[in-house]
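An overview of the molecular structure
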Amino acid sequence: MFTSAWMQPVSSTRVCYALALKVGKGIRMKSYNHLYEQYISDSNIEWSIINSSKGKRKRGVVKRYISDGVVTEYGKERTKKYAAYGSFRNYEHTPMEIYDGITRKKRIIIVPRYQEQIVHHMVVNTLVPIFQKGMYEHSYASLPNKGAHRGKKVIERWIRTDPDNCKYVLKMDIRKFFDSIPHDILLAKLHDLIHDDKFMSIMEEIISVTDVGLPLGFYTSQWLANWYLQDLDHFIKEDLGADHSMRYMDDMVVFGSDKGDLHRKKDRIDDFLKTHLGLELKDNWQVFRFDYIDRAGVRRGRFLDYMGFRFYCNHTTMRKTIMLKATRKAKRLSRKEKPTVYEMRQMMAYLGWIDCTDTYGMYCLWIKPFVNFQQCKRRMSKVDKRTAMEERGKNHELENSTKHGKATGCGHNIIQDCELCQAKHPHGPG
């Protein structure tokens, strides 16, 4: 009998996945061993503590793991003990509901404890080289050196250099993608790729935090979700022969020269998702004639709304909701005597959207009269310089105290930190 849940017989799942392997030409068959040693190595632990602490180094719990940019011995030992095979367990979590202002949707997220975040970074750092080997080149969500702005440039290039094959657009996304990923198929795919029982037990524990699907809020979820759809990417590109296709997590667009052909592609994609991945397309899929200007100079067709942009045949603008948020933020800043640096950084982020789109007229009319970006840059620069000087001062004091043999402390409440760090953990205090 198999003792590990991920090794339980999943005959129907394995049959479906075996069929999927025969369909996608680009799917690799190589397997990997000895990942646990990489996962639990000291260098991986130290790297993961540094990266998981970004933006939260003032918290008491985090200060016990990293102090003045240096990982503490306590942090290394505590992480190694918690993350080890046989001892790693998820904490108990209370799901939270948030409102996503960009998509205007309510989402349920699970916020992991700091110790869990370190483990998630350790897992991802181990898997990234493996996952990236088979990653589709035009997948742009939650990946290093990718993102919406790079994807935008690619779509613009397709539209302007190959208009015949961008005449029609198939736009679709997956119904409740993160919440619907079946654990049995996901674990079967991981089992076929990874032949390391210790590392797989860690993966199984992380995935089991929910009964079905992957939790929003976990660093591992975005990587597993992207990797889970690699088979679909290769199926669309290689088996269906799509000239231009792009995926931004579960949002997909396929360009084509024939409307009927795109309808047939949609049907086969829907069948592939149901048969091999246990997913299904959302009912709001669309096939439409892309924006063009006829011989009389009249604009016809429809723009493509994707990744926060509106694509036209000869220009690109921001999505309307993002534009409205930017203009409203500019007006609110103009009414304040002294806006916070955080608000200025938000406004500068909107400037990034404006700079890469054809929205200069909107900027001159609704943004420029209300916000002085030069003042924002100067104030942000002053704050950044002051913060850097304070950090250098702390490091100088630390060096002097070390030379004179004085003990140094982090200034945190140890009792409180222990409670935050160890509460509700199956093992209790460690």
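Residues numbered from 1 in each chain as written. Predicted model: local features only at pLDDT ≥ 70, side-chain atom pairs only at ≥ 80, totals over all residues. Heavy atoms only, no water.

**Quick notes on the overall build of the protein**
Just so we agree on the cut-off: Secondary structure elements are taken from DSSP: a helix is a run of H or I of four residues or more, a strand is a run of E of two residues or more, and numbering for both begins at the N terminus. Throughout, a residue-residue contact means that at least one pair of heavy atoms, one from each residue, lies within 4.5 Å. Throughout, the Shrake-Rupley method with a 1.4 Å probe supplies accessible areas, and for residues the shown protein chains are the sole cover considered.
Scanning the protein from terminus to terminus reveals 18 helices and 13 strands. Within the protein, residue pairs in contact and separated by at least 24 positions form 70% of the contacts whose partners lie at least 6 positions apart. Carbon and sulfur atoms form 51% of the exposed surface of the protein, whose accessible area is close to 22900 Å².

**Let's talk about the pattern of salt bridges**
Rules: Definition used for salt bridges: Asp or Glu carboxyl oxygen within 4 Å of a side-chain nitrogen of Lys or Arg. When accessible area is computed with a 1.4 Å probe and restricted to protein chains, residues below 20% of their type maximum are described as buried, those above 50% as exposed, and intermediate ones as partly exposed.
Taken as a whole and judged by the stated rule, the model has 17 salt bridges. A salt bridge links Arg175 to Glu280, with the shortest nitrogen-to-oxygen separation between them at 3.6 Å. Linking Arg175 in the loop between strand 5 (168–173) and helix 8 (177–180) with Glu280 in the loop between helix 13 (259–277) and strand 8 (286–289), this pair joins segments that are 105 residues apart in sequence. Residue classification places Arg175 among the partly exposed positions, given a relative accessible area of 39%. In this structure, Arg299 and Asp291 form a salt bridge, with 2.6 Å as the shortest nitrogen-oxygen distance.

**Thoughts on the confidence of the model for the protein**
Counted only if it meets this: Each residue carries a pLDDT score, the predictor's own confidence in it, on a scale running from 0 to 100.
Model confidence for the protein is summarised by a mean pLDDT of 85, while 83% of its residues fall at 70 or above. Within the protein, the lowest mean pLDDT, 39, falls on helix 18 (residues 414–422), and the highest, 98, falls on strand 8. With pLDDT under 50 throughout, residues 406–430 is counted as low confidence; its partners more than four residues away or in other chains account for 40 contacts.

**A word on the environment of Glu37**
Mapped onto the elements of the fold, Glu37 is located in helix 2 (residues 35–39). Sequence spacing of Glu37 and Thr126 is 89 residues, and the spatial spacing of their C-alpha atoms is 9.6 Å.

**Focus on the sheet that holds strand 7 (residues 251–256)**
Where strands meet in a sheet, backbone hydrogen bonds hold them as pairs that are either parallel or antiparallel. Selection criterion: Each pair of strands is called paired provided DSSP finds at least two bridges between the two strands. For every element, the axis is a line fit to its C-alpha atoms; helices are fit only across the contacting stretch, and the angle between N-to-C directions ranges from 0 to 180 degrees.
Taken in spatial order, the 4 strands of this open sheet run 6-7-5-8, and their pairing is antiparallel. Among the strands making up the open sheet, the edge pair consists of strand 6 (244–248) and strand 8. Neighbour-to-neighbour, the strand axes of the sheet open up by a mean angle of 15°, direction not taken into account. Along the sheet, helix 7 (residues 148–161) makes contact with strand 6 and strand 7, crossing strand 6 at roughly 165°. Docked against the sheet, helix 13 engages strand 5, strand 7 and strand 8, running at close to 20° with respect to strand 5.

**Some points on helix 16 (residues 360–367)**
To keep it simple, the criterion reads: Directions are taken from the helix axis to each C-beta atom, and the arc is the one they span.
Along helix 16, the residues that are buried comprise Met362, Tyr363 and Ile367. Down the axis of helix 16, the smallest arc covering the buried residues is 100°, so these residues share one side. Turned more than 90 degrees off the buried face of helix 16, the exposed positions are Tyr360, Gly361 and Leu365.

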